[in-house]
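Structure assessment
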2 protein chains.
Amino acid sequence: MKNNTNKRIGIKDIAARAGVSIGTVDRVLHNRGEVKEATRNKVLEIVQELDYTPNIFAKSLSSKHTTKLAIVIPDSSDNNPYWEKPVSGIKLAAEELTHYNTEILYEHFDASDRNAFKNVLHKVCDQNPDGIVLNPVFKDISLEFIQEFDKRAIPYVFIDINLREVNNLAYYGQDAEQSGWVAARLMEASTPKFPNLLIVKQSKWKVFSSHIERRIEGFTRYFTEQQKVINTTTIEIDLNASNEPYESLNKVFDQNISYHGIFVPNSRGFKLANFLKTKGLNNIITIGYDLIDSNIDFLQQGYLTYLISQKPELQAYKAIWALFDHLVTKKPIRKTNYSAIDIIIKENIKYYLENK
Amino acid sequence: MKNNTNKRIGIKDIAARAGVSIGTVDRVLHNRGEVKEATRNKVLEIVQELDYTPNIFAKSLSSKHTTKLAIVIPDSSDNNPYWEKPVSGIKLAAEELTHYNTEILYEHFDASDRNAFKNVLHKVCDQNPDGIVLNPVFKDISLEFIQEFDKRAIPYVFIDINLREVNNLAYYGQDAEQSGWVAARLMEASTPKFPNLLIVKQSKWKVFSSHIERRIEGFTRYFTEQQKVINTTTIEIDLNASNEPYESLNKVFDQNISYHGIFVPNSRGFKLANFLKTKGLNNIITIGYDLIDSNIDFLQQGYLTYLISQKPELQAYKAIWALFDHLVTKKPIRKTNYSAIDIIIKENIKYYLENK
DNA sequence: TCATTTATCGTGTACGTTAACGAAAAGCAA
DNA sequence: TTGCTTTTCGTTAACGTACACGATAAATGA
């Protein structure tokens, strides 16, 4: 933004316009008090009017304060490698931000362990960061700490899971229901009329799988709203167990129903695909989630037909930058940020991998 | 880079160590001459030893040199509004970069006029920019000017069209052939076996439509490589004419062939969709390119089934930042940057529009 | 009333770099 | 030697912001 002339405006322009010194403008901009309400308002008015944005080069040069941003997300495992992705986004952001006196504290925890989550949050609190990126898997514990964040006025950004009715700076993640809807749309286009469909759910993963339930809701809602008749079977399998879920799947496939399509509303589609491969079933339309390595592998082999991706590395990356923009450059941040629902097939996956 | 202590070293540290003033160090670092050979060597030696890297904040703050970046792309028209998109990316980048002494010269030309292209490039040369973003529609003319750029050591970045075997800093754009391949893949999934397919080409647009030809190549290559039998008709229509291409299309549709799918390998899918709408044909799978407003409109109405997008606003945005990073912050730049091939349907378009 | 506190504001220096300006040193001719 | 030019170098004022410090004015207390 420029004003009428071609010169960028700085605090000294504001000072001149407001008839005060740059010291006063600085106090107003940083809420450091010691300014009369009237002058404060006048300065703020002119800041608005001239659409002032600070020069972060000068700021970074001058300031000796390094802003600390904390990231709290689950660690990745062989059974759920999803969280590897955000880490690469974090690394990229961290690299870009070292220039700007910003330090990133990356903390992770076992996603099935409530205590681990609590401990990590305690640790983060002790480090007193300037901002927090959080994947709030356990709602009750999260809310507890959020109270503390609010008290200390530490901004926090959610990724992947959104909590309503709290004062988070932003949310970066998917619109779960709509992504299920998209999956159904693709399923319909690739299967015959009156198809037999199978939905493979994860059992024992109840606490934080609300967004997975919503994917399934979106999936089934599509067919009912479009008044398309389908035959759906839903099975629950412990996909996080380290042994392969062959027995459970065998039971389903032994019942002499030939499925036209299978929907796996979580990132463990590769487990199903592996089963299909051993069975030699490569003519079933399968839809899974997330570009993790094993999924990509089976997509390229043809045992997964579609993957729906939400660019998790971008989510973490954007979340960090949101905090930075809020804290340093004072840019306004949009609260709800749904990621694009990417449709990945064998033919376009290459480009998604290349764009980091 | 830090030295053994924890403090960043600057030119004043070098000056102290070399027993000279910072002015001298500066002259050495910038090859501004007026320094005795002996002292020059001593300074360079210490620069090496202390592993000095300049503070780009201070540099940018202090320097009164504004880097000029030129953008040369076709102008958009009602018949080809594609190039509106990059402009919004340019505007965003321009806004973000005004902070950093960077000025953006936006030059556009009539994409059907060789002379216009030449004139614009001449103009750009005269302005002697520090970097150039170019859509090299006319290969021969482009190569001519590229020689000049190379001679002047001006870095240039291509968008949307890539030229091989030249020394460009980077390329941001699609892999045209692969995007046609993706289109074919979608077409196959949504149409019956042995489908009747129609390809709607743009006539009289030959010189710079190599990437459109490559889309078609990719499209047809898919079916041959998969050994799928299709029946393809290709028609050429002047989609850039301001009158609607009804006559030509009528001729094709009067021949009593019922088409299952139509592929429009350019951004003018909306013209076809409009025809289908007046004819009341909404059961044909249609695949077009680019998220321009009229295409979005017909996608939502159901007369376009799939759109393939390449996020052109991101291309221009990234191209500009590549130049900035190269020139100012000295970051290494990756040369070839294919954009993701986005598959857009009615159900997920919302999220693409929201992400700028 | 005057002294003292308190609220409010301006000044000055620093951050690391650029570049103009002028000073000192060296070279050169007489 | 003197006077002059040329080479070589140091000093200093910016760039836009942060923040300590000191200054001023207003409010309070006696």
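Residues numbered from 1 in each chain as written. Chains lettered and ligands numbered in written order. Predicted model: local features only at pLDDT ≥ 70, side-chain atom pairs only at ≥ 80, totals over all residues. Heavy atoms only, no water.

**What about the overall build of chain A?**
Broken down by element type, chain A carries 14 helices and 12 strands. Its C-alpha atoms give chain A principal-axis dimensions of roughly 85 × 45 × 35 Å. Each of the 356 residues in chain A was classed as buried or not, and the buried ones make up 53%. For chain A, the share of sequence-separated contacts (at least 6 apart) that also reach a separation of at least 24 residues comes to 71%. Put simply, chain A shows about 16,500 Å² of open surface, and 48% of that area lies on carbon and sulfur atoms. In chain A, 45 side chains carry a positive charge and 43 a negative one; their mean positions are 5 Å apart. (Helix = DSSP H or I, 4+ residues; strand = E, 2+ residues; numbered from the N terminus. Buried < 20%, exposed > 50% of the residue type's maximum accessible area, 1.4 Å probe, protein only. Contact = heavy atoms within 4.5 Å. Areas by Shrake-Rupley, 256 points an atom, 1.4 Å probe, with all protein chains shown as cover. Lys, Arg positive; Asp, Glu negative; His and termini not counted. Charge placed at Lys NZ, Arg CZ, Asp CG, Glu CD.)

**Digging into the protein's contact with DNA strand C**
The environment of DNA strand C is formed by 25 residues, the closest being Thr24(A), Lys36(A), Ile11(B), Asp26(B) and Ser62(B). What you see for DNA strand C is that sugar and phosphate hold 60% of its atoms within 4 Å of the protein. Between DNA strand C and the protein, one listed contact pairs a phosphate oxygen with a backbone N or O atom of Ser21(A) at 2.6 Å. At 3.3 Å, a side-chain N or O of Glu34(A) approaches a base nitrogen of DNA strand C. Elements represented by at least two residues in the surface near DNA strand C include exactly helix 2 (22–29) and helix 4 (56–62) of chain A together with helix 1 (11–18), helix 2 (22–29) and helix 4 (56–62) of chain B. Split into classes, the residues belonging to the surface near DNA strand C amount to eight nonpolar, 10 polar and seven charged. (Near = heavy atom within 4 Å. Polar contact = N/O pair within 3.5 Å; in protein donor to acceptor, adjacent residues only side chain to side chain. Nonpolar A, V, L, I, M, F, W, Y, C, P; charged D, E, K, R; others polar.)

**Examining the interface of chain B and chain A**
Each partner contributes to the interface: chain B provides 39 residues, whereas chain A provides 41 residues. Where chain B abuts chain A, roughly 3,800 Å² becomes buried across the two surfaces, and 56% of that area is made up of carbon and sulfur atoms. At the surface where chain B touches chain A, the tally comes to two salt bridges. As a salt-bridge pair, Glu347(A) and Arg185(B) come within 3.3 Å of each other at their nearest N and O atoms. Linking chain B to chain A there are 13 residue pairs in polar contact (both at pLDDT 80 or more). (Buried area = accessible area lost by both parts, 1.4 Å probe. Salt bridge = Lys/Arg side-chain N within 4 Å of Asp/Glu carboxyl O.)

**Details of the domain arrangement of chain A**
When the parts of a complex come together, some accessible area is lost, and that lost area is often taken as the interface size. Structurally, chain A comprises domain 1 (11–53), domain 2 (67–173 + 312–338) and domain 3 (176–309). Domain 1 of chain A and domain 3 of chain A are separated by 58 Å when their C-alpha centres are compared. (Domains from an automatic or database assignment.)

**A closer look at the pattern of salt bridges**
Here the idea is simple: oppositely charged side chains can pair when their charged atoms come close. Taken as a whole and assessed by the stated rule, the structure comprises 30 salt bridges over all chains. Note that Lys228(A) and Glu188(A) form a salt bridge whose closest N and O atoms lie 2.3 Å from each other. Separated by 40 residues along the polypeptide, Lys228(A) in the loop between helix 9 (210–225) and strand 7 (231–237) and Glu188(A) in helix 8 (residues 176–190) bring together distant segments of the chain. With relative accessibility at 38%, the residue Lys228(A) sits in the partly exposed group. Looking at Glu188(A), the relative accessible area reads 22%, which means it is partly exposed. A salt bridge links Glu148(B) to Arg152(B), with the shortest nitrogen-to-oxygen separation between them at 2.8 Å.

**Considerations on the protein's contact with DNA strand D**
Taken together, 25 residues form the shell around DNA strand D, and within it Ile11(A), Tyr52(A), Ser62(A), Thr24(B) and Lys36(B) come nearest. The contact atoms of DNA strand D, taken as those within 4 Å of the protein, divide so that sugar and phosphate hold 59%. Ala58(A) places a main-chain nitrogen or oxygen 3.3 Å from a base nitrogen of DNA strand D. Contact distances for DNA strand D include 3.0 Å between a phosphate oxygen and a side-chain N or O atom of Thr39(B). Secondary structure elements with two or more residues in the surface near DNA strand D: helix 1 (11–18) and helix 4 of chain A together with helix 2 and helix 4 of chain B. When residues in the surface near DNA strand D are grouped by element, the largest group, four residues, is from helix 2 of chain B.

**Points about the relation of the copies chain B and chain A**
For the match of chain B to chain A, the screw axis carries a shift of 1.8 Å, the RMSD comes to 2.7 Å, and the turn is 177°. These values place the two chain copies in the arrangement generated by a two-fold rotation axis. Taken as a fraction of all interface residues of chain B, those also at the interface in chain A reach 90%, which identifies the copy contact as same-surface. (Least-squares fit on C-alpha atoms with pLDDT ≥ 70 in both.)

**Some points on the sheet that holds strand 10 (residues 306–309) of chain B**
Remark on secondary structure: sheet strands pair via backbone hydrogen bonds, oriented parallel or antiparallel. All names here are of chain B. With mixed pairing, the six strands of this open sheet are ordered in space as 7-6-8-9-10-12. Looking at which strands have only one partner, the edges of the open sheet turn out to be strand 7 (231–237) and strand 12 (342–344). Neighbour to neighbour, the strand axes of the sheet diverge by 20° on average, direction disregarded. As paired strands, strand 6 (residues 196–202) and strand 8 (residues 261–263) are joined by three bridges and run parallel to one another. Residue pairing for strand 8: Leu 197 is matched across the bridge by Gly 261. Packed onto the sheet, helix 9 (residues 210–225) meets strand 6, strand 8 and strand 9 (285–289) and runs at close to 165° relative to strand 6. (Pairing = 2+ DSSP bridges. Axes fitted to C-alpha atoms, helices over the stretch in contact; angles between N-to-C directions.)

**Description of the packing of helix 8 (residues 176–190) of chain B against helix 9 of chain B**
All names here are of chain B. Between helix 8 and helix 9, the least distance of the axes is 6 Å, while the angle of their chain directions is 45°. When the interaxial angle is binned, helix 8 and helix 9 end up oblique. For the crossing formed where helix 8 meets helix 9, the hand is right-handed. Only His 211, Arg 214, Arg 215, Glu 217, Gly 218, Phe 219, Arg 221, Tyr 222, Phe 223 and Glu 225 of helix 9 make contact with helix 8, whose side of the interface consists of Ala 176, Glu 177, Ser 179, Gly 180, Trp 181, Ala 183, Ala 184, Arg 185, Met 187 and Glu 188. Counted by class, the contact of helix 8 with helix 9 contains eight nonpolar, four polar and eight charged residues. (Parallel < 35°, antiparallel > 145°, perpendicular 65-115°, else oblique. Left-handed = near helix turned anticlockwise from the far one by under 90°.)

**Quick look at the pairing of strand 3 (residues 131–134) of chain A**
All names here are of chain A. Alternating positions in strand 3 separate into two faces, Gly 131 and Val 133 on one and Ile 132 and Leu 134 on the other, with burial throughout. As paired strands, strand 1 (residues 67–74) and strand 3 are joined by four bridges and run parallel to one another. Following the sheet pairing, Val 72 is matched in strand 3 by Leu 134. As paired strands, strand 3 and strand 4 (residues 156–159) are joined by three bridges and run parallel to one another. Paired with Ile 132 across the strands is Tyr 156, a residue of strand 4. After leaving strand 3, the chain enters helix 7 (residues 139–152) and then returns to the sheet as strand 4, a path that is right-handed. (Right-handed = clockwise from strand over helix to strand, strands pointing away.)

**Brief notes about the nonpolar core**
Grouped together as the largest cluster of nonpolar side chains are 126 residues, with contacts concentrated most on Phe149(A), Phe219(A), Phe149(B), Phe219(B), Phe253(B) and Ile262(B). Counting residues in each nonpolar core, the second largest holds 83 residues, with Val87(A), Val133(A), Ile237(A) and Ile262(A) among its members. (Core = buried A, V, L, I, M, F, W, Y, C linked by side-chain atoms within 4.5 Å.)

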